[in-house]
Amino acid sequence: MPRRSRRTQKKAGASPGTLVYIGEKKVDQPVVTLFVYNNERYQERQVERLEEIYPCRTNPPTSWINVTGLHDVRLLEELGGHFKIHPLALEDIANTTQRPKLEEHGDHLFVVLKLLKYDEPSGGITGQQVSIWMTSNYLLSFEENHEDIFDPLRERIRTAGSQVRRCGTDYLLYRLLDAVVDHYFLALDKLGERIDAVEDELIEQPTKDTLRAIYSLKRELLFLRKSTWPLREVISELTRIESPLIKDATLVFLRDVYDHTVRVIETIESYRDVAAGMMDLYLSSLSHKMNEVIKVLTIISTIFIPLTFLAGVYGMNFNPEASPWNMPELNWYWGYPAVWLVMAAIGGAMLFFFKKRGWF
Amino acid sequence: MPRRSRRTQKKAGASPGTLVYIGEKKVDQPVVTLFVYNNERYQERQVERLEEIYPCRTNPPTSWINVTGLHDVRLLEELGGHFKIHPLALEDIANTTQRPKLEEHGDHLFVVLKLLKYDEPSGGITGQQVSIWMTSNYLLSFEENHEDIFDPLRERIRTAGSQVRRCGTDYLLYRLLDAVVDHYFLALDKLGERIDAVEDELIEQPTKDTLRAIYSLKRELLFLRKSTWPLREVISELTRIESPLIKDATLVFLRDVYDHTVRVIETIESYRDVAAGMMDLYLSSLSHKMNEVIKVLTIISTIFIPLTFLAGVYGMNFNPEASPWNMPELNWYWGYPAVWLVMAAIGGAMLFFFKKRGWF
Amino acid sequence: MPRRSRRTQKKAGASPGTLVYIGEKKVDQPVVTLFVYNNERYQERQVERLEEIYPCRTNPPTSWINVTGLHDVRLLEELGGHFKIHPLALEDIANTTQRPKLEEHGDHLFVVLKLLKYDEPSGGITGQQVSIWMTSNYLLSFEENHEDIFDPLRERIRTAGSQVRRCGTDYLLYRLLDAVVDHYFLALDKLGERIDAVEDELIEQPTKDTLRAIYSLKRELLFLRKSTWPLREVISELTRIESPLIKDATLVFLRDVYDHTVRVIETIESYRDVAAGMMDLYLSSLSHKMNEVIKVLTIISTIFIPLTFLAGVYGMNFNPEASPWNMPELNWYWGYPAVWLVMAAIGGAMLFFFKKRGWF
Amino acid sequence: MPRRSRRTQKKAGASPGTLVYIGEKKVDQPVVTLFVYNNERYQERQVERLEEIYPCRTNPPTSWINVTGLHDVRLLEELGGHFKIHPLALEDIANTTQRPKLEEHGDHLFVVLKLLKYDEPSGGITGQQVSIWMTSNYLLSFEENHEDIFDPLRERIRTAGSQVRRCGTDYLLYRLLDAVVDHYFLALDKLGERIDAVEDELIEQPTKDTLRAIYSLKRELLFLRKSTWPLREVISELTRIESPLIKDATLVFLRDVYDHTVRVIETIESYRDVAAGMMDLYLSSLSHKMNEVIKVLTIISTIFIPLTFLAGVYGMNFNPEASPWNMPELNWYWGYPAVWLVMAAIGGAMLFFFKKRGWF
Amino acid sequence: MPRRSRRTQKKAGASPGTLVYIGEKKVDQPVVTLFVYNNERYQERQVERLEEIYPCRTNPPTSWINVTGLHDVRLLEELGGHFKIHPLALEDIANTTQRPKLEEHGDHLFVVLKLLKYDEPSGGITGQQVSIWMTSNYLLSFEENHEDIFDPLRERIRTAGSQVRRCGTDYLLYRLLDAVVDHYFLALDKLGERIDAVEDELIEQPTKDTLRAIYSLKRELLFLRKSTWPLREVISELTRIESPLIKDATLVFLRDVYDHTVRVIETIESYRDVAAGMMDLYLSSLSHKMNEVIKVLTIISTIFIPLTFLAGVYGMNFNPEASPWNMPELNWYWGYPAVWLVMAAIGGAMLFFFKKRGWF
């Protein structure tokens with residue numbers, strides 16, 4: 001998980017609509033790709049000059065324009081100017097710390113999403129922002145860096161007769177949402193594996209690293225949760241708005257994505273409960289262990305300390321010649337064996353006492 | 001309880017409607033059984049060829065088609081195709097990680113349930129998915145493996161004049177729901193017994209296993225809870241939808257099942273509270289025990305350590321001949337008995353101090 | 001508090017409407033008493049043959065039929081048959097694990113309540129189920145065993161001119177509810193006394209029994225809470241349903257009972273908070289005590305261990321004749337007193353150090 | 001804070017409307033004072049015979065009748081009879097364990113409040129019940145004992161031309177509410193001071209008394225909270241009911257009191273959070289301290305125990321004459337200094353080890 | 001963070017509308033500045049005599065009057081009198097312990113906000129109150145002391161053709177809100193840095209200061225939270241009221257500020273979760289450390305205590321001449337080496353036992 005962003009908002013005091021890219025620069029050069037398709041034909045192209053895509057604004061076949069890399073503010077401004085994207089929406093696209101949201105106006109929908117990905121090497125979850133601007137005949141999507149999660153979708157578009165080719169931008173929007181939500185499951189699976197691993201560790205031999213692993217799990221889940229709840233709101237709203245942009249046939253698909261989101265949330269919440277339970281388990285393992293250690297110390301100490309004392313007594317140098325009361329035991333015939341017997345009796349009594357108390 | 005499923009969703013990026021079975025293969029061969037009945041007669045048969053059940057779609061007497069084993073995707077597709085089951089519903093039937101839900105359309109109801117069973121050998125609760133597709137004259141139910149929980153219901157159908165024979169598919173649906181919810185009570189009873197057992201252990205002699213038992217109880221309850229809340233929603237919705245498929249006479253029965261579900265939930269919640277309380281009790285028993293151990297250590301140590309020191313002093317070898325100040329006690333007449341007296345006084349004072357502090 | 005009921009539901013899989021008594025048999029023989037009254041006259045009788053009460057169904061004066069003892073299923077069936085009680089309601093009456101609920105139909109109300117009683121000898125709270133079937137001219141009440149909590153009410157009915165004589169079954173229902181809720185306060189008072197006692201113990205000398213007492217308090221409160229929230233719902237619903245069975249004049253009384261229920265709930269919730277606080281207090285008392293014990297151990301040990309070491313050194317037997325460097329101190333003139341001085345200095349320094357640290 | 005009231009409800013089973021005073025007797029003799037005022041003139045009088053106030057019921061100028069001392073049930077009954085107070089309301093007035101509530105009927109409002117006061121000597125918060133019965137031209141207020149919190153209000157009434165003189169009973173009601181809520185702030189200020197004091201103690205030198213102080217703080221806050229939430233409801237309802245008794249001009253003042261109540265609640269909630277945080281801080285201070293103590297014990301013990309062992313070894317009495325292998329070290333030339341060197345080395349190594357571990 | 005204010009409310013019992021300044025005096029002399037602007041021209045001036053600003057009340061161009069320093073009650077009264085500010089609003093302006101709120105009347109809006117600032121030297125968050133009184137053509141803002149957070153806004157007003165110059169008071173209000181909310185992000189960023197720092201400390205070497213740092217973090221977050229939730233309500237209400245004062249074009253901007261507030265709240269809540277997690281981590285680090293310390297103590301003690309006992313035994317002075325059973329070992333040929341061997345065996349066995357238990 002990334003550290004808490006040092007800059008949640010770069011532009012305190014600046015005018016609204018001032019376009020500033022907030023986030024890391026993740027690709028060298030923004031890449032714009034264009035899909036134009038309908039049931040009969042499709043066209044796919046990497047865009048060199050923005051003018052190429054301007055006709056999409058009004059021409060009938062469904063167009064999907066995907067922009068990868070958001071740090072080129074001029075590009076965003078140009079696109080925004082031509083496609084009449086509201087300055088505040090443009091700001092949201094460029095500010096990658098935005099929370100998921102949906103804005104609906106008569107002729108367009110604006111959706112901001114978080115795409116989560118489990119980062120294998122670091123073992124953490126990273127997120128990037130995906131923004132979508134949709135009208136009845138074109139859909140603009142913006143992503144921070146190139147992810148292959150939309151590739152299966154692209155493949156479907158290339159396939160003649162596929163459902164996506166038969167439907168409009170609303171179905172395309174659904175497919176994008178579906179791809180994003182599906183990746184939440186992948187991230188959750190990875191987290192589930194980590195939870196299993198930590199749990200095994202916890203039961204076998206908990207160490208200080210186990211503690212850190214639980215703590216980091218809890219933080220990942222917190223991060224996931226922060227992204228998922230607003231996502232659920234967005235999709236729930238999508239299924240409820242009565243916009244002409246969303247056809248009835250698409251609603252059933254959106255409701256399906258909504259169900260998936262609810263399942264993601266429930267899984268996150270139950271993982272959080274499990275993680276809290278593991279913390280408790282860790283703490284009580286620790287107490288239990290300390291208890292064991294202290295018991296060993298106590299058994300050994302309380303057995304030998306009185307014996308050592310006794311040995312010390314008969315190591316005293318009182319002069320037997322000065323008085324008949326001075327350590328006559330030292331001269332007894334059975335003195336030494338008797339001391340051993342006494343010692344064994346004391347030790348045995350102690351052991352019996354500990355046994356009765358159930359200490360071992 | 002099963003481990004967190006490694007694959008919550010197998011098909012990230014795939015097209016919706018692609019039928020993939022998600023879950024373990026629990027039976028070798030899917031089995032399809034058919035009940036056709038009305039008040040006068042009934043017919044029961046194991047279906048060999050799917051064509052046998054096609055007439056059920058339109059013919060008047062109530063039909064109940066039960067499919068056991070869901071891994072045969074082709075069978076599902078064929079059924080789905082003939083009975084016009086929506087592709088997304090078909091997907092939900094095959095994906096056994098679905099959460100309970102209800103979908104209502106003009107002419108059919110689609111219900112997904114979790115059937116819970118206490119698994120005696122492993123001592124955990126396992127769940128299987130039961131999906132129901134109901135129209136006004138037939139009801140399709142899908143289960144992962146054969147459970148005998150519907151046997152009493154089958155027996156009732158075989159009995160002439162029973163209520164289920166007199167009513168339609170909505171009453172049949174109620175009976176299926178009722179059987180499922182009743183098994184939640186059985187699982188809860190088993191958990192209740194385990195809670196009692198753990199509690200007895202906790203009061204008599206808590207061990208590290210007690211801790212694990214509490215932890216596992218908490219996880220079972222979490223799992224139960226995750227299944228039960230959506231189940232409650234489903235049944236609550238069933239009592240409120242105004243569908244022509246549900247007759248008014250059946251509503252009072254559905255409300256009864258709903259009451260049972262609420263009772264299940266309340267019992268789960270109070271078990272969770274009890275389990276949380278047991279964790280606290282365990283932790284404080286542990287502290288209490290450690291306290292006792294440390295007290296014993298302290299009493300023995302603090303009594304004997306000063307005495308040992310004293311014995312050590314009179315074991316020193318200062319040469320009495322070198323000076324009259326060198327250990328003259330060793331030559332005193334009452335030296336040795338006096339040392340014993342001093343030691344006894346010190347020990348007694350210590351004991352008195354501990355007694356006053358209420359240490360034993 | 002009773003242990004978790006081993007059988008929450010005896011009849012998984014059985015047909016609905018199969019009447020099975022679930023609960024302990026608390027009285028030998030069911031007793032049916034009948035009150036028929038109006039403003040002018042009243043009649044009170046213990047019923048021998050059920051036929052005696054059949055006229056109540058239709059005859060105008062208000063009738064109150066009270067059944068004590070529910071295990072005689074045949075009696076219930078006969079009553080149910082004659083008074084046209086719905087089979088599911090009859091089942092609820094016989095199944096004493098029901099949660100409080102209200103069912104309203106055009107011509108009757110069906111109420112299930114829990115009557116709580118503080119059981120003096122066992123020091124726990126026990127509950128019995130009270131079910132009420134009310135129409136405009138008669139009221140049937142069912143209780144598991146004979147409780148005297150309705151005796152003051154019976155006395156009022158016997159008193160000419162009392163309000164209950166002037167009003168109908170709805171006021172009678174209110175009086176029954178009021179009597180039940182009033183007994184919640186008695187149970188709470190007893191619990192309050194126990195909380196005070198536990199708190200005194202906690203402040204004076206907490207023992208392991210204190211812990212168990214807190215744990216048992218928490219469980220009683222959990223049990224109380226589980227009964228009270230649905231009771232509140234039931235009474236709240238009673239004040240809101242617009243049933244011809246409840247007259248407007250009675251509504252103000254029902255709202256009063258409702259206020260009492262809310263007060264019961266608030267008291268339970270604040271008792272729960274107090275109990276949670278006591279658990280924390282107990283745990284930290286324990287830590288505090290262990291701290292004290294360990295301090296004593298540390299002070300004694302760290303003072304005497306170095307001294308014992310020193311005594312040990314001068315108890316070594318190095319041969320002074322073999323070398324002038326072998327323990328010349330033993331032959332010094334002031335050797336022995338010097339050792340005592342050094343020891344006193346070490347002990348004093350230790351004490352000073354502990355004092356400065358605020359250890360005693 | 002008072003102990004949990006032994007009698008929350010004295011009259012289980014009694015008829016509703018039976019007037020019983022529940023609470024401590026706080027004044028010897030009930031005192032009734034009467035203010036009659038309008039814009040031009042005012043009259044103030046201590047009432048000797050109740051008949052004096054009967055004309056207030058119908059006569060136009062605004063009257064405020066204040067009753068101090070509620071244990072004289074006959075007085076209440078007489079007042080109730082004349083002013084037509086509903087028996088249940090009268091019961092609420094006499095039962096001082098009532099929770100704050102508002103009842104609105106066409107021609108009157110009935111309000112029950114808790115007046116909180118910080119009791120300087122005992123350092124706790126005590127509450128008394130204030131009930132108000134208001135109609136369009138008179139207002140009856142009932143308090144358990146005489147508090148001077150209404151004195152500033154009385155002063156305003158005596159002042160010609162003050163707002164209270166220009167307005168009716170609704171403004172008077174607002175002023176009473178405002179005075180009551182203002183005293184919540186005073187109680188909170190006192191609690192805030194105690195929190196600061198406890199916090200200082202916690203940071204400087206936490207003792208067992210600190211723990212008790214936190215516990216008692218938490219209980220006071222619980223008590224406060226229990227009174228304040230229903231108060232908020234009451235005032236919120238007052239601003240929302242559309243009663244002819246509350247003029248529009250008064251609404252803005254009531255909303256102001258409402259804002260104050262919300263602030264009281266937020267302060268209570270944040271104090272509760274702070275108190276919970278202090279408990280955590282106390283517990284971890286305790287752990288930290290124990291850690292320190294144990295470290296000291298460990299350092300001293302682990303350094304000296306091996307040394308003492310070594311000294312013990314050379315204090316053994318093996319006979320060097322019996323064998324050349326029997327303790328030849330004792331006769332070495334550098335034997336004794338060598339032992340000291342070895343001991344110093346062991347001690348130094350231990351210290352180095354502890355230093356490296358960061359133990360001191 | 002400031003201590004809990006000793007005086008939350010200075011005027012218990014006083015009449016409403018009595019103007020008393022509650023808060024610290026933060027500037028010497030109140031400063032009133034005036035901006036009058038429209039699209040064409042603007043005028044900026046520091047006001048010497050209040051009469052200068054009176055024309056703003058009715059004259060058309062947009063006026064922004066900013067008052068810095070609120071302790072001069074007479075100034076407030078004069079302003080309030082001329083601009084017809086309701087006495088209760090005036091009281092809220094002067095009482096700087098007010099919670100954020102919005103009041104809407106036909107011709108004006110009254111907003112109270114908290115402006116938070118991270119105080120670099122003390123490392124805490126301080127708040128000042130900003131109140132705004134807005135009508136269709138002028139806006140009065142009141143702040144406790146001069147903050148430069150509105151300077152960028154002033155700069156925009158000075159810039160010809162800026163959006164603020166083209167719009168009315170509602171847009172000005174939005175810009176003020178936006179500036180305030182943006183500073184919450186700055187405060188959160190600082191807190192985020194502190195959280196990172198504390199976390200690093202926690203992982204590397206937690207000390208008692210870490211604990212205090214966590215506690216202080218939690219209190220800052222509590223303070224932030226208390227200010228932010230009502231702020232969110234205020235802005236949410238602003239976007240929903242249908243006031244002629246707020247133009248539709250401004251609504252989209254207000255919704256944007258609302259989104260920012262929600263993000264602030266989510267960040268605060270997740271920081272609170274993180275802080276709670278850090279507390280747990282700290283406590284378990286502490287336990288872990290204590291465990292380590294106790295293990296070292298136990299290993300050293302349990303190895304050497306039995307050995308010391310053995311050495312003590314052979315230091316006893318039993319007289320070999322008195323009996324052949326008195327310590328014959330001392331005269332054995334291999335006696336001394338044998339004792340060393342036995343001791344080494346015991347020590348080795350102990351080490352093996354600890355190794356097997358995984359103690360080091």
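If you're wondering where the values come from, they're calculated on a predicted model, not measured in any experiment.

## As for the packing of aromatic side chains
The tally for this structure, following the rule as stated, stands at 90 aromatic pairs over all chains. On the numbers, 5.2 Å between centres and 35° between planes, the contact of Phe318 of chain B with Tyr314 of chain C is tilted. Here Phe318 of chain B, found in the loop between α7 (248–313) and α8 (335–356), pairs with Tyr314 of chain C, found in the loop between α7 (248–313) and α8 (335–356), and the two come from separate chains. We classify Phe318 of chain B as buried; its relative accessible area is 3%. On the basis of relative accessible area, Tyr314 of chain C is assigned to the buried category, the value being 10%. Feature note: the residues Phe304, Tyr314, Tyr336 and Trp340 of chain A together with Phe309 and Phe318 of chain E constitute an aromatic cluster, connected by ring pairs.

## Quick look at the pairing of strand β7 (residues 138–143) of chain D
Residues and elements named next belong to chain D. Along β7, six of the six residues are buried, which leaves the element largely enclosed by surrounding structure. Note: strand β3 (residues 62–68) against β7, six bridges, orientation parallel. Of the residues in β7, the one forming a bridge with Ser63 is Tyr138. Pairing between strand β6 (residues 124–134) and β7: five bridges, direction antiparallel. In the strand pairing of β7, Ser131 is matched with Phe142.

## Quick word on unusual backbone geometry
Residues and elements named next belong to chain C. We note that Lys84 has phi near 55°; this positive angle belongs to a residue other than glycine. On the secondary structure map, Lys84 appears in the loop between α1 (73–83) and α2 (87–94). For Lys84, a relative accessible area of 58% corresponds to the exposed category.

## Some points on the interface of chain E and chain D
It is common to give the size of an interface as the accessible area that goes away when the parts come together. Taken residue by residue, the interface counts 68 residues in chain E and 71 residues in chain D. At the boundary of chain E with chain D, the tally comes to five salt bridges. A salt bridge links Arg219 of chain E to Glu199 of chain D; the nearest nitrogen and oxygen atoms lie 2.4 Å apart. Linking chain E with chain D are 18 residue pairs in polar contact (both at pLDDT 80 or more), by the criterion used here. Listing elements by their share of the side of chain E that touches chain D, those giving two or more residues are α2 (87–94), β4 (101–105), α6 (208–240), α7 (248–313) and α8 (335–356) of chain E. With 19 residues, α7 of chain E is the largest single contributor of residues to the side of chain E that touches chain D.

## Quick notes on the relation of the copies chain E and chain D
The transformation that overlays chain E on chain D combines an axial shift of 0.0 Å with a rotation of 72°, and the residual RMSD is 0.1 Å. Here the copies are linked by what is in effect a five-fold axis. Across chain E, the smallest distance between a C-alpha and the rotation axis is recorded for Gly315 of chain E, namely 4.6 Å. When you check the interface residues of chain E against chain D, a mere 15% turn up at the interface there too, and the two sides of the contact use different surfaces.

## Some thoughts on the confidence of the model for chain A
Residue and element names in this part refer to chain A. Averaged over all residues, the pLDDT of chain A is 85; the fraction at 70 or higher stands at 95%. Here residues 1–10 scores under 50 on pLDDT; set against residues more than four positions off or in separate chains, the count is 37 contacts. Scoring the predicted complex yields pTM 0.78 and, for the interface, ipTM 0.72.

## Concerning the pattern of salt bridges
What the rule picks out here adds up to 85 salt bridges over all chains. Two residues, Glu52 of chain C and Arg45 of chain C, come together in a salt bridge whose shortest N-O distance is 3.0 Å. Given the relative accessible area of 22%, Glu52 of chain C is considered partly exposed. When its relative accessible area of 30% is taken as the criterion, Arg45 of chain C is described as partly exposed. Among the charged side chains, a network of salt bridges with common partners joins Asp92, Lys101 and Glu103 of chain A together with Asp259 of chain E.

## Quick look at the relation of the copies chain D and chain C
If you rotate chain D by 72° and push it 0.1 Å along the axis, it lands on chain C with an RMSD of 0.1 Å. Comparing contact sets, just 15% of the residues at the interface of chain D also lie at the interface in chain C, consistent with a heterologous contact between different surfaces.

## Regarding the interface of chain D and chain C
At the junction of the two partners, chain D supplies 68 residues and chain C supplies 71 residues. Taken together, both faces of the contact between chain D and chain C bury some 6200 Å²; the carbon and sulfur share is 61%. The interface formed by chain D and chain C holds five salt bridges in total. At the boundary of chain D and chain C, one finds 18 residue pairs in polar contact (both at pLDDT 80 or more). Among the secondary structure elements, those contributing two or more residues to the side of chain D that touches chain C are α2 (87–94), β4 (101–105), α6 (208–240), α7 (248–313) and α8 (335–356) of chain D. Looking at the side of chain D that touches chain C, its residues break down into 33 nonpolar, 16 polar and 19 charged.

Reading the values: the criteria
- Counting restarts for each chain, with residues numbered from 1 along the sequence as it is written.
- For naming, the first written chain is A and the first written ligand is 1, with later ones following in the order written.
- Only residues with pLDDT of at least 70 get local features here, since the model is predicted, and only at 80 or more are side-chain atom pairs given and counted; chain-wide, interface and lining totals rely on the full set of residues.
- Based on all heavy atoms of the structure, the side-chain values leave hydrogens and waters out of the count.
- Any pair of Phe, Tyr and Trp rings, taking the six-membered ring for Trp, is counted once the centres come within 6.5 Å. Such a pair is stacked with planes under 30 degrees apart, edge-to-face with planes over 60 apart, and tilted for the rest.
- Secondary structure elements follow DSSP: runs of H or I of four or more residues count as helices, runs of E of two or more count as strands, with numbering from the N terminus.
- For every residue, the accessible area obtained with a 1.4 Å probe (protein chains only) is divided by the maximum for its type, and the residue is called buried under 20%, exposed over 50%, and partly exposed between those limits.
- A pair of strands is considered paired only if DSSP assigns at least 2 bridges between the two.
- Contact criterion: two residues are considered in contact whenever any of their non-hydrogen atoms come within 4.5 Å of each other.
- Throughout this description, the term salt bridge denotes a Lys or Arg side-chain nitrogen within 4 Å of a carboxyl oxygen of Asp or Glu.
- Between N or O atoms, a polar contact is any pair within 3.5 Å; within protein, one atom must be a potential hydrogen donor and the other a potential acceptor, and residues adjacent in sequence are included only when both atoms are from side chains.
- The fit set for superposing copies consists of C-alpha atoms from residues with pLDDT of at least 70 in both; the fit itself is least squares.
- pLDDT expresses, on a scale from 0 to 100, how confident the predictor is about each individual residue.
- Using a 1.4 Å probe, buried area is obtained as the accessible area two parts lose upon being combined, added over both of them.
- For this scheme, ten residues count as nonpolar: Ala, Val, Leu, Ile, Met, Phe, Trp, Tyr, Cys and Pro. Four count as charged, namely Asp, Glu, Lys and Arg, and the remainder, Gly too, count as polar.

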